[in-house]
Amino acid sequence: RGLCATPSVARTGRLITMGICGTSEEDGEPKEETVETIMNKNRRCTDILFLLIFFAFMVGLFAAGIYGFANGDPRILIYGTDYQGDLCDSGHLDGLKTRYWVNPYEIISSIPSTTKSKRYNFRDVKSICLDACPITATEKDTVHWVCNYPDSRDGYGYSAWTTDTWRANKYDYFSLLNATLQKTSLQYKGPCYPVLLPTVNNYQSCTYFGTVSNTSEAAFTKLAQEKLGADYSSSWPEDYPLSSVVGTLSSTVSDFLSAPLAIMERYVDDFAQGWAVCLVMGFFIPVALSFMWLFILRYFTGIFAYLIVLAVNVGAILCTIFLYMKAGIIGSDAIDAAIGSDAESVVGGTYSGSYTDPSKDNEDVLKYCAIIATIFTVLFLFFSLLMLRRIAIAVAVIKVATQAIAGAPSVVFFPVVPVLASLGFGAYWVAAAVYLFSSGNIEMQKCDLVADFPPYKYCIEPSVNSTLNCHCGYKAEMDEPLQYMLLYHLFGLLWTTQFLQAMTYLVLASVFATYYFRGGTYGSDLSGWINTPVIQSMRKMSWYHSGSAALGSLMVAILQFIRIIVAYMVNKMKAMEKDNVVLKYAACCVQYCLWYLQKVIEWLNRNAYILIAIEGRSFCFSAFEAIALIFNNILTVGAVNVVGDTLLFLGKLSISLLSGFLAFLMLDRPEYTTGDNKVSSPLFIVLFVVVFAFVIAGLFMSVVEMAIDTVLLSFCKDCKLHSGKPKFAPPLLEAVLGKAGEEGKARTKARAERAADKAFKAQEAANNA
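Residues numbered from 1 in each chain as written. Predicted model: local features only at pLDDT ≥ 70, side-chain atom pairs only at ≥ 80, totals over all residues. Heavy atoms only, no water.

Observations regarding a nonpolar patch on the surface
The condition is simple: A patch consists of residues exposed above 30% relative accessible area that lack any salt bridge, with like charges linked at up to 9 Å and nonpolar side chains (Val, Leu, Ile, Met, Phe, Trp, Tyr) linked at up to 5 Å. Per-residue and other accessible areas follow the Shrake-Rupley method at a 1.4 Å probe size, with only the shown protein chains counted as cover for residues. Criterion for a salt bridge: a side-chain nitrogen of Lys or Arg within 4 Å of a carboxyl oxygen of Asp or Glu. Each helix is a run of H or I in the DSSP string that is no shorter than four residues. Each strand is a run of E no shorter than two, and both are numbered from the N terminus.
A contiguous nonpolar patch, built from Phe295, Tyr299, Phe300, Ile303, Leu307, Leu310, Val314, Ile317, Leu318, Ile321, Ile329 and Ile330 and spanning about 1,100 Å² of accessible area, is present on the exposed surface. Here Phe300 shows up in helix α9 (residues 275–326).

Have a look at this one:
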């Protein structure tokens, strides 16, 4: 039976035809179809309800963004707050970017093992905003001090000074305090605190390092003896010297700065510092590389297709041979466990008779692996031989697809439109997310104010109730509505990006379906700059089928959102039960099933969009129609998709990885490794570039991908409409498929002749008997 040849059976006046391109059932002779009747007779506005829902959702998304811009302040993600709950580098603290924890003894007390079940953590440690980290004194009998702001709201400042004077004097007015406040300062209660340890600026926060300055410590001890007199013995807050806890201080500050939330806050700010890298390496470079890959596909499709099949088979054979070699079956390169200069004399040498190699078990494992690899290699080689003819069909389909692209050059540039839309929306979304994330209220957190424990212990006026002088620390609180708003904002990113991708698929499918059903041409009526195939398809798809795009993209976005939530829950459960093997296995299965389901939905959506572009019916009807056509032509569709998808995936992967590598090199330049524009880590920006480059490359590769899928499904639909014989197929596709059909007819005829000859011989034998 030929590729499109179909047997027919008359039943009650109806003609039933069936072949590789599906089943067609018509009254009498098939009706004469034209391009217009096929592509426009059923076209109407589809899935309008979901379009209205999408519009309403976008209104809410932009409203959330406006709320973030009105109430957020990204500086809170970097600079943090001081002991008064004020944000560093803002308002009256403008220019004071660096946060310094004034009392190292409080830091030690904030370690969970030392809090003795009291509610007290690192955020409760007193901090202040400075121009730069303070330095220890090098002059003899001199101590540097960091004092409260001169206008400190608790009244323990130095009102005779302005903030500018305080900054000019390196935050030190200890010598101007009265005797009482000097005593409390020597006891680490403020308003001034000695600088005995060196610090370094890490992420706009001062981290302790090194050792206690001997000069400063000696001067401080001398000053304490003079000022405190008989009370000197009680002046030290703790019974250990600072020099013994420098490492603990450094690790405690580092742990606070390395907490997941703190890291996330810095990564969010990295976008503000590395926006040029994101723009160049995440947009311009992927666009240029995508154009290069499209050129390669246009002129080297056949070579690539057969090279891929050859490379996979050669790779499988080489891996199998390597396993046999390491298992000791081929050659003498088997693995062994001996290490050192005398290994050769032991293994296979003088003492081999008395030596048992512990790697023998590994050799057995490798033998089994080699056998399994052999089975898979043989099966894949056999499968490749069977698919050679269909690979030729796949190459023909890809060539027709590239001809369709060449026939409408503007289609190559069409992905720039959704790319620019994605870039614009992505920039807005990131900015809105940053402002939303930083729009929480700075509030005093709860801690225990108990005698002999910080912060009570280090207050000038100790109190069990919060006062201006004695209170807990501050942090930005995200209330429940803000948390839901952030989730809403995240879902908005997923749905919008999927919607843009869906509209891209629809427009491209409409362009290539027009090319197919016009016999491999776009016709003279689609020409010029105003009425190009792309512009006409954009008008048609946007007007009629935006609702279908909203529905399809919503399905994918919901699955993506569920996957994110599940991944978050799994990580939380893993943190609680780190060694629970059952939990890890179940989590892995759930995540894999969700990923697989998402891929199935994406595949179904893409083919549904093609049928929508061809016939103009609703999303659900087109999805079922696409499934029926694909399963009736499963082998041909499979061969085309394997070859085409492999080529396109290699393109997307190479573009994204190369863009990420170039981004890493760009971030390694001095402007991003030093100074105020220093990026905390290149990881997050590089990952963003890789992902965004993959998305952009995917938009460009979708041109060829949709051309391939649309040409193939259009052919199947053509066969179904015309009793198994395509009417509108372009010449190249018709030639290849026609040749395959003739070969199929020849094989069918040969089988029939053999069967008839066998039957004749059997009948003759029966007669002779």
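The structure having been displayed, the exposition proceeds.
Quick look at the pairing of strand β9 (residues 205–208)
For the record, the criterion: We call a residue buried when its accessible area falls under 20% of the maximum for its residue type, exposed when it is over 50%, and partly exposed in between, using a 1.4 Å probe and counting protein chains only. A strand pair is defined by DSSP finding two or more bridges across the two strands.
Neither face of β9 is exposed, since Ser205 and Thr207 on one face and Cys206 and Tyr208 on the opposite face are all buried. In this structure, strand β8 (residues 199–202) lies alongside β9, joined through four bridges in antiparallel fashion. Across the sheet, Val200 pairs through a bridge with Thr207, a residue of β9. The antiparallel pairing of β8 with β9 creates a hairpin that spans two residues between the two strands, and Tyr203 there sits at a positive phi of about 55°.

Some words on the packing of aromatic side chains
Think of a pair of aromatic rings as described by two things: how far the centres are apart, and how the planes are tilted against each other in angle. Short version of the rule: Under the pairing criterion, centres of Phe, Tyr and Trp rings, with the six-membered ring standing for Trp, must be within 6.5 Å; the plane angle then separates stacked pairs below 30 degrees from edge-to-face pairs above 60, leaving the rest tilted.
Counting across every chain of the model gives 28 aromatic pairs. On the numbers, 5.2 Å between centres and 55° between planes, the contact of Phe57 with Trp495 is tilted. Taken together, the residues Phe57 in helix α2 (residues 48–71) and Trp495 in helix α14 (residues 480–517) connect sequence positions 438 residues apart. Assessed through its relative accessible area of 11%, Phe57 is described here as buried.

Describing the packing of α14 against helix α16 (residues 581–615)
Short version of the rule: An axis is simply a line fitted to the C-alpha atoms; with a helix, the fit covers only the stretch in contact. Between two such axes, the angle follows the N-to-C directions and lies from 0 to 180 degrees. Orientation labels follow simple angle bins: below 35 degrees gives roughly parallel, above 145 gives roughly antiparallel, 65 to 115 gives roughly perpendicular, and whatever is left gives oblique. Two helices cross in a left-handed way if the nearer one is turned anticlockwise from the farther one by less than a right angle. They cross in a right-handed way if the turn is clockwise. Residue contacts are defined here by distance: any two heavy atoms, one from each residue, within 4.5 Å place the two residues in contact. For this classification, Asp, Glu, Lys and Arg are treated as charged, while Ala, Val, Leu, Ile, Met, Phe, Trp, Tyr, Cys and Pro are nonpolar and the rest, including Gly, are polar.
The geometry of α14 relative to α16 is characterised by a closest axis approach of 8 Å and an angle of 50° between their N-to-C directions. Between α14 and α16, the angle is such that the two are oblique. Remark: the crossing between α14 and α16 carries right-handed chirality. Where α14 approaches α16, its residues Ala502, Tyr505, Leu506, Ala509, Ser510, Ala513 and Phe517 are matched on the opposing element by Arg606, Tyr609, Ile610, Ile612, Ala613 and Ile614. Across the contact of α14 with α16, the residue classes break down as 11 nonpolar, one polar and one charged.

Regarding the pattern of salt bridges
Enumeration according to the criterion identifies eight salt bridges in this entry. Ionic contacts of the salt-bridge type, sharing partners, join the residues Glu615, Glu625, Lys717 and Lys720 into one network.

Here we look at helix α17 (residues 619–632)
Quick note on the threshold: Here a helix's expected span is defined as the number of its residues, less one, multiplied by 1.5 Å. Comment: arc refers to directions from the helix axis out to C-beta atoms.
Over its 14 residues, α17 extends 20 Å from the first C-alpha to the last, a length consistent with the 20 Å expected when each residue adds 1.5 Å. Among the residues of α17, those classed as buried are Phe619, Ser622, Ala623, Glu625, Ala626, Leu629 and Ile630. Buried residues along α17 cover an arc of 165° about the axis, so they all sit on one side. Opposite the packed face of α17, turned more than 90 degrees from it, sit the exposed residues Phe624 and Phe631.

Re the state of the cysteines
Note the following rule: For this text, the term disulfide refers to a pair of cysteine sulfurs within 2.5 Å.
Inspection of the entire model under this criterion finds five disulfides. Disulfide partner of Cys447: Cys472, at an S-S distance of 1.9 Å. The disulfide joining Cys447 to Cys472 has a torsion of about -90° about its S-S bond and is therefore left-handed. Of this pair, Cys447 sits in the loop between β10 (441–444) and β11 (474–477) while Cys472 is found in the loop between β10 and β11, placing the two residues 25 residues apart along the sequence.

With respect to empty space enclosed by the protein
We apply this condition: Every definition here rests on a 1 Å grid over the protein atoms only: cavities are sets of points where a 1.4 Å probe fits but cannot get out, pockets are open sets enclosed by protein on both sides within 12 Å along at least five of seven lines, and lining residues have some atom within 4 Å of a point. Grid points are joined across faces, edges and corners, and a volume is the space filled by probe spheres set on the points.
Overall, the coordinates contain three cavities of 30 Å³ or more when judged by the stated rule. In this structure, the largest cavity spans a volume of roughly 60 Å³. Around the largest cavity, the lining residues are Trp603, Arg606, Asn607, Val637, Asn641, Asp709, Leu712 and Leu713. Put simply, the parts of the chain that give the lining of the largest cavity at least two residues each are α16, α18 (634–667) and α20 (682–721). Classifying every residue of the lining of the largest cavity gives four nonpolar, two polar and two charged.

Thoughts on the nonpolar core
It is characteristic of soluble globular proteins that their nonpolar side chains tend to be buried jointly. The cut-off we apply is this: Only buried residues count toward a nonpolar core, which is a set of Ala, Val, Leu, Ile, Met, Phe, Trp, Tyr and Cys residues joined through side-chain atoms within 4.5 Å.
The biggest cluster of nonpolar side chains holds 93 residues, and the ones touching the most others in it are Val411 and Phe512. Filtering out sequence-adjacent residues up to four positions away, Phe512 remains in contact with Ala404, Ile405, Val411, Tyr522, Val703, Met706, Ala707 and Thr710. In this structure, Ile128, Cys147, Leu181 and Tyr458 belong to the second largest nonpolar core, which totals 47 residues.

Some remarks on the side chain of Asn469
Heads up, the condition is: Side-chain atoms alone can form a polar contact between residues adjacent in sequence; in general such a contact is a pair of N or O atoms within 3.5 Å, and within protein one must be able to donate a hydrogen while the other accepts it.
Looking at where Asn469 falls in the secondary structure, it is placed in the loop between β10 and β11. In terms of polar contacts, Asn469 uses its side chain to reach the side chain of Asp154, at 3.2 Å. Among the polar contacts made by the side chain of Asn469, one reaches the main-chain amide nitrogen of Glu461 at a distance of 3.1 Å.

What about unusual backbone geometry?
Along the chain, Gly190 connects to Pro191 via a cis peptide bond; the corresponding omega equals 10°. Of note, Pro191 is situated in the loop between α5 (179–186) and β7 (192–194). Not every positive phi belongs to a glycine, and Tyr188 is a case in point at roughly 65°. Among the structural elements, Tyr188 can be located in the loop between α5 and β7.

Some remarks on the environment of Lys475
Along the chain, Lys475 turns up in strand β11. Of the residues examined, Lys475 reaches a relative accessible area of 28% and is grouped as partly exposed. The spatial distance from the C-alpha of Lys475 to the C-alpha of Glu443 is 5.8 Å, given a sequence separation of 32 residues. Among residues more than four places away in sequence, those in contact with Lys475 are Arg123, Asn441, Ile442, Glu443 and Gln445.

Concerning α14
An ideal rise of 1.5 Å per residue puts 56 Å on 38 residues; α14 measures up with 55 Å between its terminal C-alpha atoms. The buried fraction of α14 amounts to 27 of the 38 residues, a majority that puts the element mostly inside the structure. Phi turns positive one or two residues past the end of α14, at Gly519, with a value near 75°.

Brief notes about the side chain of His545
The topology assignment puts His545 in helix α15 (residues 533–576). The exposure class of His545 is buried, given its relative accessible area of 0%. Separated by 3.0 Å, the side chains of His545 and Thr46 make a polar contact. Dropping the residues within four chain positions of it, His545 is found in contact with Arg43, Arg44, Thr46, Leu506, Lys540, Ile612 and Gly616.

Without other data, these values stay purely geometric and don't point to any function.
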